[in-house]
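# Structural characterization, general
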Amino acid sequence: MGLVREAERGAGCWERAAGEGAAVRGDSAWARLKRDRLALAGLVMLSIVVAVAVLAPYLAPNDPVKVDLQHRLAPPSAQYPLGTDHLGRCILSRLIYGARVSLGTAALALTAVLLLGLPLGILAGYCGGWVDNLIMRLVDILLAFPGLVLALVIAGTLGPGLLNVMLALALVWWVGYARVIRGMVLAVKEKEFVLAARACGTSRWGIIIRHILPNVLSPVIVLATLDMGKLILAISGLSFLGLGAQPPTPEWGAMLNDGRPYLQVAPQLTLYPGLCIMTVVLAFNLLGDGLRDALDPRLTTRL
Amino acid sequence: MATPVLRVKNLSTYFHTSQGVVRAVEQVSFSLAPGKTLCLVGESGCGKSVTALSLLRLVEPPGKIVSGEVWLNGRDLLKLASSELRRVRGKEVALVFQDSLTSLNPVLTVGLQLAETVVAHEGLPWKEARRRAAELLYRLGLPEPERLMRSYPFQLSGGMRQRVSLAMALLLRPRVLVADEPTTALDVTVQAQILAELKRLQRELGMALLLITHDLGVVAAMADEVAVMYAGSIVECGPVTEVFERPAHPYTRALLRSVPRPGEELVPIEGQPPSLLGLPDDRCPFLPRCPEAREECRKRRPELLKVAPGQLVACHYPYMARDEG
Amino acid sequence: MLGYLLKRLLYLVPVMLGVSLITFLLINLAPGDPAGLILRSGGVEPTREAVEALREELGLNDPLYLQYGRWLWRVLHGDWGRSFRTGRPVVEELLSRFPATLELALAATLFMLCLALPLGILSALYRHAWLDHLSRLGALLGASLPGFWLGLVLIYLFAVKLRVLPVMGRGGLEHLVLPAVTLGFGLAAVYARILRAGMLDALGQDYIKVARAKGLPEKWVIGRHALKNALLPVVTLLGLSFGHLLGGVVIVETIFAWPGVGKFAVDSIFNRDYPVIQGYALFMSVVFVLVNLVVDLSYVLLDPRIRLGKGS
């Protein structure tokens, strides 16, 4: 019976993935990724965005913060290829520099998240006992705040500014990593090769660095890729509320907010930045999905 | 032999997978007389279950019935409109599966799963349908039918669940019962009880039974006729006494020898069951494992031919007891 | 069942204590001295003596744990402080605005289910057909779409261009449509896929084959046998998603000038109305925890395996 069974799904997959992680890394993963057309599309989109962000000073036709009150809300022209905003600033230049801000802040926030989440997760999983208990209770407490409420409140209390937004997000976002990594460390810890290493007298840190880290790497790569998209959404959302990027920083969420009052007369002010956000997030989602399939072929659930 | 109630002719079911075509059932024919039992035996993966599913067109993609006829009551089930087929399923031909834990829905009560069959086919009110179900459970000798009806499958023991599955199939007094390894997952004692119950019910209802099993003990206890399947095809069939007394196909003989019997040496069958994927068409499928293979076996696939009254064998060199005699 | 409930409630005690501690510490993140902030909220620069006097009065010179104990005691007795801005008790302010937020979140959930249920079921039944591909595309876009942008696009289309729906504020049903769609769309797309996966899983099970073998009408097979099993994982996720809705509601309420707690919180942030910010965080967490409790209980009711005490 059950001739055609759906592949195994569900949350337990990460834990299961941990043990066999080593077997599916390497060339074959890249080969699998290359065959995934959607993931490749995401990769190409991302490469373009990164190139634009890096080369912003050479690509942007104008200074993104230069105000030109003579040409407010101007239509596209040779000088301003996508027109100007309510202060006469070049929309295209602002969008181009916006890629820098969005990718940069998200990457910074993600780094902070990883710096918090990885060690805490490994510590909880590897040490167990009261250390595990303490960390996991903290996780439970942070998870008792819905969605981004806590990040919003922390950012709001610290005061507006991109740095505060990144800090606030890092303080609440590490929780997911700590949980996933703890679970994987627990699974890996009992594997024969770790037990063998311990029996041979390898030190704790030796075991963590040489045996556990490589095994948790591939799920973390997948999670981090998907989270880049989510962080970009969160940062631009908070900026949209006025908590993140402050004028005149060219940030997509803030640009959307700037354009709001002119929705009737100049809808392009809100249209373009939104499209930019969506494209980048979509690219990260496509790539993340592809990476998940490539790094662990058994995890077939994708959107 | 009386007019058969079920007649299967040249049934073939293939699975179209990315690696190629799997011929799970290849040109299978048999017939089933009312009140009689036909046992379909063979190793796991030989196509027994797919044959059972094919009878009621329950094979799911990538599986597909590619040819054949399944005659019941003068109608070919394979050509029936799906609305009519639905009226045959469960009412005229019922199915019992091997694993009652997975074949009962975990989130619905036993009572609902029993009663819904009656409601679906006879349009009775739910209350009436439940009463009928409870009555049958009582007749089957199950304790506390009312409580049983209110319980969920996971609350029952394996034997109890299989009895419920059996009751579910018998509820509408079908003419044909197809039972796919109905007792394999159970303890030996429970197994014997259920087989005895099955036999009693079969007599009471005058029902034909197609019993699928790999257990030759079950065959000996239950069968009137037996059909041995190998690699998707029937290689030998006939009355159980004939086939067991005078097995003519090397595979049947090997199968019989592989059953432990006191005082006799146990001889396992050599080799592995064949992969049904890309099975060559131009030779005997049993060739790689056959101790008596000869030149002809590599050239042509043997057809199912009569060797004795009622006994058919697909072998170029069938073993004849009287040859030795 | 009762034991399970008690266990859950008992487990919540330390979690809620932690939540209260974090909320309490929040105020210490704020730049500047709380006493000075309170006095400055009147608009006049206070004297050093006045600040010091208020610090003493508020107990801000006491050790932190004493302050926390006092604060917790008051919070437990329903005294969440007063808004700097309006002078009214924070609890009152939050409770008076919560129905609007709840209405919006429920409407979004309803919209989400209305879209996700048929889409998920149909894309499982017609796997790899055009509808399935469409819903996959929708899910990818839905997960990538900034909610605030979708809201503005919808406003532009339906309120500015077509002029069929109102843009701002709370009112009749027509006021609810755009905010609910904005809030629910992303989730709907994702849930359609979750349900599809659940349906495919259920449809591959033996009991579905048995249901068909019994000659049940196909709509019973799908609706009764497959759907009930496929919905179970969806129910567990609903609580989590409701939390995301309560979080996401902040932006949607701001865009649509919806008079709920989210917009109130954002306004309070820009007015440095710390008691409200603090109260908002605590309040949302209480609501979220309660919602999840209800969802867990309903899951227990839905799944007999858990209700009747077997399995995890």
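What you see is a predicted model; the values in this text were computed from it and never measured. (Residues numbered from 1 in each chain as written. Chains lettered and ligands numbered in written order. Predicted model: local features only at pLDDT ≥ 70, side-chain atom pairs only at ≥ 80, totals over all residues.)

### Looking at the interface of chain A and chain C
- Taken together, the contact between chain A and chain C spans 43 residues of the former and 46 residues of the latter.
- Listing elements by their share of the side of chain A that touches chain C, those giving two or more residues are α6 (129–143), α7 (149–158), α10 (204–240) and α12 (268–295) of chain A.
- Ranked by residues supplied to the side of chain A that touches chain C, first place goes to α7 of chain A with eight residues.
- Per-class residue counts for the side of chain A that touches chain C are 24 nonpolar, 13 polar and six charged. (Contact = placed C-beta atoms within 7 Å. Helix = DSSP H or I, 4+ residues; strand = E, 2+ residues; numbered from the N terminus. Nonpolar A, V, L, I, M, F, W, Y, C, P; charged D, E, K, R; others polar.)

### Comments concerning the sheet that holds strand β2 (residues 20–32) of chain B
Residues and elements named next belong to chain B.
- Ordered by their spatial adjacency, four strands build an open sheet running β2-β1-β4-β5, and the pairing between neighbours is antiparallel. Where the open sheet ends on each side, the last strands, each with one partner, are β2 and β5 (75–76).
- Inspection of the sheet shows strand β4 (residues 63–72) paired to β5 by two bridges, in the antiparallel sense. When the bridges of β5 are listed, Trp-71 appears paired with Asp-76. (Pairing = 2+ DSSP bridges.)

### Section: the interface of chain B and chain C
- Between chain B and chain C, the residue contacts involve 24 residues of the former and 20 residues of the latter.
- Broken down by secondary-structure element, the contributors of at least two residues to the side of chain B that touches chain C are α2 (82–88), α3 (100–103) and α4 (110–122) of chain B.
- The element that contributes the greatest number of residues to the side of chain B that touches chain C is α4 of chain B, accounting for four residues.
- A class-by-class count of the residues in the side of chain B that touches chain C yields eleven nonpolar, seven polar and six charged.

### What to know about the packing of helix α10 (residues 218–255) of chain C against helix α11 (residues 261–270) of chain C
Residues and elements named next belong to chain C.
- Relative orientation of the contacting elements α10 and α11 amounts to 85°, with a least axis distance of 7 Å. In terms of orientation, α10 and α11 fall into the roughly perpendicular class. In this structure, α10 contributes Val-249, Val-250, Glu-253 and Thr-254 to the contact, and α11 contributes Gly-262, Lys-263, Ala-265 and Val-266.
- Residue composition of the contact of α10 with α11, grouped by class: four nonpolar, two polar and two charged. (Axes fitted to C-alpha atoms, helices over the stretch in contact; angles between N-to-C directions. Parallel < 35°, antiparallel > 145°, perpendicular 65-115°, else oblique.)

### Quick word on the UniProt feature "transmembrane region" (unreviewed entry) in chain C
All names here are of chain C.
- The UniProt entry lists residues 9–30, 104–125, 137–157, 177–195, 230–257 and 277–302 under the feature "transmembrane region" (unreviewed entry), expressed in the numbering used here.
- Secondary structure over residues 177–195 splits into 100% helix and 0% strand, and the C-alpha atoms at its two ends are 24 Å apart.
- Taken end to end, residues 230–257 is 93% helix and 0% strand, and its first and last C-alpha atoms sit 37 Å apart. (UniProt positions renumbered as here; feature names shortened; annotations may be inferred.)

### Describing the confidence of the model for chain C
All names here are of chain C.
- A residue-level look at chain C finds 97% of positions with pLDDT of 70 or above and a mean pLDDT of 86.
- Ranking the elements of chain C by mean pLDDT puts helix α2 (residues 34–40) last with 75 and α11 first with 93.
- With pTM at 0.80, the complex prediction returns an ipTM value of 0.88. (pLDDT = per-residue confidence, 0-100.)

### Points about the UniProt feature "domain: ABC transmembrane type-1" (unreviewed entry) in chain C
- According to UniProt, the feature "domain: ABC transmembrane type-1" (unreviewed entry) maps to residues 98–299 of chain C in the numbering used here.
- Along residues 98–299 of chain C the backbone is 85% helical and 0% strand, and the end-to-end C-alpha distance reaches 26 Å.

### Details of the pairing of strand β1 (residues 6–17) of chain B
All names here are of chain B.
- In terms of strand pairing, β1 meets β2 through nine bridges, oriented antiparallel. By the bridge assignment for β2, Thr-17 is matched with Gly-20.
- Adjacent in sequence and paired antiparallel, β1 and β2 are bridged by two residues.
- Where β1 and β4 come together, eight bridges link them in antiparallel fashion. If you follow Tyr-14 over to β4, its bridge partner there is Lys-64.

### A few points about the sheet that holds strand β10 (residues 233–239) of chain B
Residue and element names in this part refer to chain B.
- Sheet architecture is open: eight strands sit in the order β6-β7-β8-β3-β9-β10-β12-β11, paired in mixed fashion. Taken across any chain shown, the strands that pair with only one partner, and hence form the sheet edges, are β6 (93–96) and β11 (305–308). Averaged over all neighbouring strand pairs, the angle between strand axes comes to 20°, with direction disregarded.
- Where strand β7 (residues 176–180) and strand β8 (residues 208–213) come together, five bridges link them in parallel fashion. Residue pairing across strands places Leu-177 opposite Leu-209, the latter belonging to β8.
- Running over the sheet, helix α1 (residues 48–55) touches β3 (37–41), β6, β7, β8 and β9 (225–230) and is turned about 150° from β7.
- Packed onto the sheet, helix α11 (residues 250–257) meets β9 and β10 and runs at close to 105° relative to β9.

### A look at the packing of helix α5 (residues 90–125) of chain C against helix α6 (residues 130–144) of chain C
Residues and elements named next belong to chain C.
- Contact geometry for α5 and α6: axes closest at 8 Å, N-to-C directions at 130°. The orientation of α5 relative to α6 falls into the category oblique. In this structure, α5 crosses over α6, and the sense of that crossing is left-handed. The residues of α6 that touch α5, namely those facing Leu-119, Leu-122 and Ser-123, are Leu-131, Asp-132 and Ser-135.
- Here the contact of α5 with α6 is composed, by residue class, of three nonpolar, two polar and one charged. (Left-handed = near helix turned anticlockwise from the far one by under 90°.)

### Considerations on the domain arrangement of chain C
Residues and elements named next belong to chain C.
- Examined at the domain level, chain C breaks down into domain 1 (17–90) and domain 2 (97–302).
- A C-alpha centroid distance of 37 Å is found between domain 1 and domain 2.
- Between domain 1 and domain 2, the contact holds 15 residues from the first and twelve residues from the second.
- Where the side of domain 1 that touches domain 2 is concerned, the elements lending two or more residues are α1 (2–26) and α2.
- If you tally residues by element for the side of domain 1 that touches domain 2, the top one is α1, at four residues.
- Partitioned by chemical class, the residues of the side of domain 1 that touches domain 2 number nine nonpolar, four polar and two charged. (Domains from an automatic or database assignment.)

### So, the domain arrangement of chain B
Residues and elements named next belong to chain B.
- When the domains of chain B are assigned, the result is domain 1 (33–57 + 80–228) and domain 2 (233–272 + 279–313).
- Breaking the side of domain 1 that touches domain 2 down by element, the ones donating at least two residues are α9 (216–222) and β9.
- No other element matches the four residues that β9 contributes to the side of domain 1 that touches domain 2.
- Taken together, the residues of the side of domain 1 that touches domain 2 sort by class into seven nonpolar, no polar and two charged.

### A closer look at the environment of Leu-167 of chain A
Residue and element names in this part refer to chain A.
- Its location among the elements puts Leu-167 in helix α8 (residues 162–189).
- Residue classification places Leu-167 among the partly exposed residues on the basis of 18 C-beta atoms within 10 Å.
- Here the alpha-carbon distance between Leu-167 and Ala-109, two residues 58 residues apart in the chain, equals 7.1 Å. (Buried ≥ 20, exposed ≤ 12 C-beta atoms within 10 Å, placed from the backbone.)

### As for α10 of chain C
All names here are of chain C.
- When the terminal C-alpha atoms of α10 are compared, their 45 Å separation across 38 residues is substantially less than the 56 Å that a helix rising 1.5 Å per residue should span.
- Taken as a whole, α10 carries its principal kink of about 45° at Leu-227.
- Backbone geometry just downstream of α10 places Ala-257 in the positive-phi region, at approximately 50°. (Expected span 1.5 Å × (residues − 1). Bend = angle between axes of the 7 residues up to and from the residue.)

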